[in-house]
Amino acid sequence: MISLKSALAKPFAKRVHYTIQKWAKKPFETQEKVFQNLISEAAGTQFGKDHDFISINSYEDFVKRVPIRDYEELKPYVERVVAGEADILWKGKPIYFAKTSGTTSGAKYIPITKESMPYHVEAARNAILMYINETGNSKFVDGKMIFLQGSPILKEQNGVQLGRLSGIVAHYVPKYLQKNRLPSWETNCIEDWETKVDAIVEETLPENMTIISGIPSWVQMYFEKLQQKTGKKVGDVFKNFNLFIFGGVNYEPYRAKFENLIGRKVDSIELYPASEGFLAFQDKQNEKGMLLQLNSGIFYEFIKADEFFNENPKRITIKDVEVGVNYVMIISTNAGLWAYNIGDTVEFTSTKPYRLIVSGRIKHFISAFGEHVIGKEVEQAMQDAVLGTNVRVTEFTVAPQINPSEGLPYHEWFVEFENEPEDISALAQKIDQSLQKQNIYYFDLIQGKVLQPLKISKVKKGGFQEYMKSVGKLGGQNKLPRLSNDRKIVEGFPQTN
């Protein structure tokens with residue numbers, strides 16, 4: 001028998017679908033409206049005055065007046081906001097700071113305003129409603145849902161609440177989901193990640209879990225602990241678990257491992273949330289890419305990734321993007337970020353509507369020899385190499401070996417296997433061939449005998465978690481980069497065997 005909540009979800013989902021279609025079918029008008037609203041709302045702020053917002057009448061005016069900045073370059077303004085000043089980057093004061101761990105700048109304080117906060121909550125809700133509208137499946141709303149996230153305990157900084165984004169969002173769970181939601185508040189507040197996951201296992205085991213959500217690496221740890229505790233596949237422990245919601249990293253490298261842990265296929269929804277704004281979500285089960293949120297108080301610009309480090313790279317809007325090109329994403333938002341480089345690279349899979357995938361980080365690449373290898377390419381190469389085999393990879397990262405004890409330099413792949421290959425050098429060869437096919441610079445360097453083919457170094461089981469724990473980054477919103485342009489990360493790795 002269908003419950004009232006499940007029955008009501010369908011008309012609500014239909015209405016949300018209709019609303020989204022309206023703006024998705026008018027992308028340029030939608031973005032122009034967002035742009036004009038941002039400029040007029042912030043004209044009286046310190047940033048608006050410093051950049052003469054009052055004279056901005058077009059996108060071209062904006063490009064002339066507002067240079068691209070990353071967090072370091074915007075920091076003088078952010079520090080004034082953190083110190084308690086009003087009307088600096090956006091009118092008034094923010095209601096939260098999302099604290100993130102920057103790779104170069106220590107802790108970052110990303111403002112969230114009363115105008116931007118609703119979009120963080122709405123987009124996550126809409127992703128589920130779009131799924132209900134497409135599949136007709138709404139029974140899961142009667143079961144229990146778990147969102148693996150950071151602690152919801154917030155601190156105060158000059159009258160503004162401060163915490164992790166996932167912890168902030170925990171305060172905004174809609175009333176109709178409160179009874180269904182796990183873990184309990186007490187468990188969610190546990191700071192130590194391993195202790196927290198153990199407590200979550202105990203809380204969820206007796207429940208009818210239907211939705212599980214989180215960053216894949218966190219969820220993997222939860223699934224492994226469930227399996228250790230019960231000796232069963234996750235899909236047998238939770239018979240009605242049929243929807244996995246994830247974000248933060250590319251799921252493909254985890255897919256085979258997850259299907260093995262679950263024991264069957266489940267539907268999934270990919271999200272693209274960031275402290276800076278909720279940028280996209282998967283709106284169709286059988287379409288590649290996530291729907292760019294054009295109506296969420298965010299104005300988007302793009303720069304071709306291979307031109308990004310030029311002296312004066314060309315900035316474009318969605319009007320001029322092309323499918324299959326790697327872009328650095330630049331955003332201006334109603335939280336007061338202006339022409340802000342969030343550090344991600346994206347690739348459009350469609351422009352009708354605008355859907356994209358996250359292809360990597362502009363700072364996470366290897367170009368020690370001019371090869372310009374990016375995250376998406378190494379993930380694709382690993383995927384190609386293990387396809388059709390019983391090899392299962394838990395985690396991996398790549399670093400250049402510039403001064404080997406003998407022979408030419410090479411890329412060193414640090415890989416933790418769940419199921420090891422019989423012939424590790426054959427696997428390395430397959431990965432290398434895929435990388436050469438994808439990246440012409442890498443191909444030229446191998447063929448020209450500047451580099452030798454890549455080598456795999458095995459990492460002991462649990463080694464990646466051990467490393468993340470040793471640097472104080474286990475759990476939270478922390479992710480290990482897929483690749484780096486130096487050996488700083490891999491030097492700290494536990495002994496490989």
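To keep things clear, this report deals only with the structure shown in the data block.

Next up on the list: the overall build of the protein chain. A count of helices and strands for the protein chain gives 18 helices and 20 strands. Computed over the C-alpha atoms, the radius of gyration of the protein chain is 23 Å, within 12% of the 23 Å expected from 2.2 N^0.38 for a compact globule of 497 residues. Overall, the C-alpha framework of the protein chain stretches about 65 × 65 × 45 Å when taken along its three principal axes. Within the protein chain, counting contacts between residues at least 6 apart in sequence, those at least 24 apart form 67% of the total. A total of about 22,400 Å² of accessible surface is found on the protein chain, and carbon and sulfur atoms cover 49% of it. When the 62 basic and 60 acidic side-chain charges of the protein chain are each reduced to a single mean position, those positions are 6 Å apart.

For the rest of this paragraph, the subject is the side chain of Thr317. Among the structural elements, Thr317 can be located in the loop between strand S12 (298–304) and strand S13 (326–333). Apart from the residues within four sequence positions on either side, Thr317 is in contact with Tyr59, Phe299, Tyr300 and Phe302.

Counting residues in each nonpolar core, the largest one holds 90 residues, and the members touching the most others are Leu292, Phe302, Met329 and Trp338. The greatest single-element share of this core, amounting to eight residues, is contributed by helix H6 (residues 117–135). Aside from chain neighbours lying at most four places away, what touches Phe302 is Leu292, Lys314, Arg315, Ile316, Thr317, Ile318, Val321, Tyr327, Val328, Met329, Val346 and Phe348. Among the nonpolar cores identified, the runner-up in size contains 28 residues, and Trp193, Phe238, Phe244 and Phe246 belong to it.

The step from Leu182 to Pro183 runs through a cis peptide bond, and the omega angle for that step is 0 degrees. Here Pro183 lies in the loop between strand S6 (181–182) and helix H9 (185–188). The omega angle of the peptide bond from Lys352 to Pro353 is 0 degrees, so this bond is cis rather than trans. Position of Pro353 among the secondary structure elements: in the loop between strand S14 (340–351) and strand S15 (354–361). Notably, Asp52 is not glycine yet its phi reads approximately 55 degrees, a positive angle.

If you walk across this open sheet you meet the three strands as S18-S19-S20, and the pairing is mixed. The strands lining the two open edges of the sheet, one partner per strand, are strand S18 (392–401) and strand S20 (455–458). For this sheet, the mean inter-axis angle between neighbouring strands, taken without regard to orientation, is 30 degrees. When S18 meets strand S19 (residues 410–419), the two strands line up antiparallel, connected through nine bridges. Note that in S19 the partner of Gln401 across the bridge is Tyr410.

Considering all chains together, one arrives at three cavities of 30 Å³ or more under this definition. If you add up the space inside the second largest cavity, you get close to 60 Å³. Lining the second largest cavity we find Val81, Glu85, Ile88, Leu89, Trp90, Gly92, Lys93, Pro94, Pro111, Thr113 and Ala335. Class assignment of the residues belonging to the lining of the second largest cavity gives a composition of seven nonpolar, two polar and two charged.

For the rest of this paragraph, the subject is H6. Taking 1.5 Å as the rise per residue, H6 with 19 residues should run 27 Å; its terminal C-alpha atoms sit 28 Å apart, in good agreement. Among the residues making up H6, those that are buried are Met117, His120, Ala123, Asn126, Ala127, Ile128, Leu129, Met130, Tyr131 and Ile132. At the exit of H6 stands Gly136, carrying a positive phi of roughly 75 degrees.

Before going further, it helps to spend a moment on the packing of helix H15 (residues 424–438) against helix H16 (residues 440–447). Two elements in contact, H15 and H16, have axes separated by 5 Å at closest approach and are oriented at 120 degrees. With respect to their mutual orientation, H15 and H16 come out oblique. Where H15 abuts H16, its residues Asp432, Leu435, Gln436 and Gln438 lie against Ile440, Tyr442, Phe443, Ile446 and Gln447.

Spatially, 11 strands are ordered S6-S3-S7-S8-S9-S10-S11-S15-S14-S13-S12 in an open sheet, and the strand pairing comes out mixed. The strands lining the two open edges of the sheet, one partner per strand, are S6 and S12. Pairing of strand S3 (residues 144–147) with strand S7 (residues 209–213), which is carried by four bridges, proceeds in the parallel orientation. Residue Phe147 lies in a different strand from S7, and its bridge partner there is Ser213. Running at roughly 135 degrees to S7, helix H11 (residues 216–230) makes contact with S3, S7 and strand S8 (243–247) of the sheet.

Here is what the cut-offs are and how they apply
- Residues numbered from 1 in each chain as written.
- Predicted model: local features only at pLDDT ≥ 70, side-chain atom pairs only at ≥ 80, totals over all residues.
- Heavy atoms only, no water.
- Helix = DSSP H or I, 4+ residues; strand = E, 2+ residues; numbered from the N terminus.
- Rg over C-alpha atoms; globule rule 2.2 N^0.38 Å.
- Contact = heavy atoms within 4.5 Å.
- Areas by Shrake-Rupley, 256 points an atom, 1.4 Å probe, with all protein chains shown as cover.
- Lys, Arg positive; Asp, Glu negative; His and termini not counted.
- Charge placed at Lys NZ, Arg CZ, Asp CG, Glu CD.
- Core = buried A, V, L, I, M, F, W, Y, C linked by side-chain atoms within 4.5 Å.
- Buried < 20%, exposed > 50% of the residue type's maximum accessible area, 1.4 Å probe, protein only.
- Pairing = 2+ DSSP bridges.
- Axes fitted to C-alpha atoms, helices over the stretch in contact; angles between N-to-C directions.
- 1 Å grid on protein atoms, 1.4 Å probe; cavity = no way out; pocket = protein on both sides within 12 Å on 5 of 7 lines; lining within 4 Å.
- Points joined across faces, edges and corners; volume = space filled by probe spheres on them.
- Nonpolar A, V, L, I, M, F, W, Y, C, P; charged D, E, K, R; others polar.
- Expected span 1.5 Å × (residues − 1).
- Parallel < 35°, antiparallel > 145°, perpendicular 65-115°, else oblique.

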